[in-house]
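# Examining the three-dimensional arrangement
Spelled out, the chains give:
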Amino acid sequence: MTLHQVRFGSGSPLLLIHGLGAGWRSWTPILDGLAAQREVIAVDLPGFGETPSLTGAVSIATLTDSVAEFIHEQGLGKVSTVGQSMGGRIVLELARRGVGGDTVALDPGGFWTDRELAVFGATLRPSIKLVGALRAALPTALGNPVTRTALLAQFSARPWALSPGTVLPDLVGLAEAPATGPAMDALTKGPKQAGAPAGTLPGRATIGWGRRDLVTLPRQATRAVAAFPDAQLHWFERCGHFPQWDAPEEAVRLILDNTA
C-alpha cells in the first residue's frame, strides 16, 4: 500500500505520523514552523485521510508495517520520524525495529497498566461516539468557548484558548475515518508496546509528554523511558495530549533540536 503524502519545505526530510483523527492535517499547527528548516513529509495512515483502509487486520504492527514500507518505497532510509499519540507509538516501534533515524514520540500510547487501559477505552470510546453524533454541529459547537472546552477537556489543557480551525480536522477525522474503530481496538485489545535495549536504536530518541495529558497519563512516561532507556524525556508544562495544539512553538523547537 502506498500512503497518501504531502510535502512542505526543503532540507533534510522529516516524516510525520499522526494519531487518531485527521490524518496529516493533525500537524497543521506546526507544519510551517517545521517546514521553515526541513522537508516535511506528512502521511495519512491506512483508513485515515486519503489513504485506503488495510485489507487485513488492523494492529499497531500492521500500521507500522505500512509506514516501514513507505520509507522503503520512497527511498527515505534513515529519515527522522515524529509521531503523536498512536503515531508516537508507531515511530517508537519503527525505532525498535531499527527503521529510520532520529525519533521524536509525543505522548505515545502503549505504556499503560491494565487498569489504565480499561479507563482509556471506557472514556475515549464515548468521546468518539459523542463527536460522531455531533458531526454536523461541530463547527458551531467549537465556535463557542464553553462548548469547545466541554468537548476537548480530555485532550487539551487549555481548550478554551484553541482556535476552532486548529481542532476541527481532528474531531472530524475521529467521527469519519474508517479506521478509527479498528485502530481503537488495536490500541485497547492488542499487546502493549515492547521496548528496545540500550544501544539498539538507529538514532536519537526523544519522548515528549504533556504534564496534563488525560489520555496517556503522565505517569506512563516513566514506563516509556524504562522501556527505551536511550530516550530523553521532555515535559511540556500546561499541555494535554496534543503538544501541537497546546504548545506548538515548543513542539517545533523540540523536534528540530532532536532530529537531523
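Residues numbered from 1 in each chain as written. Predicted model: local features only at pLDDT ≥ 70, side-chain atom pairs only at ≥ 80, totals over all residues. Heavy atoms only, no water.

## Quick notes on the overall build of the chain
Looking only at helices and strands, one finds 11 helices and 7 strands in the chain. For the chain, whose C-alpha radius of gyration is 17 Å, the value lies close to the compact-globule estimate of 18 Å for 260 residues. If you line up the chain on its principal axes, its C-alpha atoms span 45 × 40 × 40 Å. Relative to its 260 residues, the chain shows a buried fraction of 53%. In the chain, once contacts between residues fewer than 6 apart in sequence are set aside, the share between residues at least 24 apart is 74%. Total accessible area on the chain stands at roughly 10,300 Å², and carbon and sulfur atoms take up 56% of it. Taking the 22 positively charged and 22 negatively charged side chains of the chain as two groups, their mean positions are separated by 6 Å. (Helix = DSSP H or I, 4+ residues; strand = E, 2+ residues; numbered from the N terminus. Rg over C-alpha atoms; globule rule 2.2 N^0.38 Å. Buried < 20%, exposed > 50% of the residue type's maximum accessible area, 1.4 Å probe, protein only. Contact = heavy atoms within 4.5 Å. Areas by Shrake-Rupley, 256 points an atom, 1.4 Å probe, with all protein chains shown as cover. Lys, Arg positive; Asp, Glu negative; His and termini not counted. Charge placed at Lys NZ, Arg CZ, Asp CG, Glu CD.)

## Notes on the packing of aromatic side chains
If you walk through the whole model with that rule in mind, you get 5 aromatic pairs. Taking the centre distance of 4.0 Å and the plane angle of 10° together, the rings of Phe 242 and Trp 245 count as stacked. Cluster of aromatic residues (ring-pair linked, three or more members): Phe 155, Phe 242 and Trp 245. (Phe/Tyr/Trp six-rings, centres within 6.5 Å; stacked < 30°, edge-to-face > 60°.)

## Focus: the side chain of Arg 38
Of note, Arg 38 is situated in the loop between helix H1 (28-35) and strand S3 (39-43). Of the side chains with opposite charge, Asp 102 comes closest to the buried, unpaired Arg 38, at an N-O distance of 6.7 Å. A polar atom in the side chain of Arg 38 sits 2.8 Å from the side chain of Thr 259. A polar contact of 2.7 Å, which involves the side chain of Arg 38, links it to the backbone oxygen of Ala 260. The contact partners of Arg 38, leaving out residues within four places of it in the chain, are Phe 8, Gly 9, Ser 10, Gly 11, Ser 12, Pro 13, Leu 14, Ser 80, Leu 256, Thr 259 and Ala 260. (Salt bridge = Lys/Arg side-chain N within 4 Å of Asp/Glu carboxyl O. Polar contact = N/O pair within 3.5 Å; in protein donor to acceptor, adjacent residues only side chain to side chain.)

## Comments concerning the sheet that holds strand S7 (residues 232-236)
Note: strands within a sheet are paired through backbone hydrogen bonds, in either parallel or antiparallel orientation. The mixed open sheet is built from 7 strands, whose spatial order is S1-S3-S2-S4-S5-S6-S7. Each of the sheet's edge strands pairs with one partner strand only, and the pair in question is strand S1 (5-8) and S7. For this sheet the average axis-to-axis angle between neighbouring strands, irrespective of direction, equals 20°. In this structure, strand S5 (residues 103-106) lies alongside strand S6 (residues 205-210), joined through 4 bridges in parallel fashion. (Pairing = 2+ DSSP bridges. Axes fitted to C-alpha atoms, helices over the stretch in contact; angles between N-to-C directions.)

## Structural notes on the environment of Gln 5
Its location among the elements puts Gln 5 in strand S1. Counting along the chain gives 36 residues from Gln 5 to Ile 41, while the straight-line C-alpha distance between them is 6.6 Å. The contacts of Gln 5, once residues within four sequence positions are left out, are Ile 41, Ala 42, Val 43, Phe 70 and Gln 74. Among the polar contacts made by the side chain of Gln 5, one reaches the side chain of Gln 74 at a distance of 3.4 Å.

As far as function goes, none of this settles anything; it's purely spatial.
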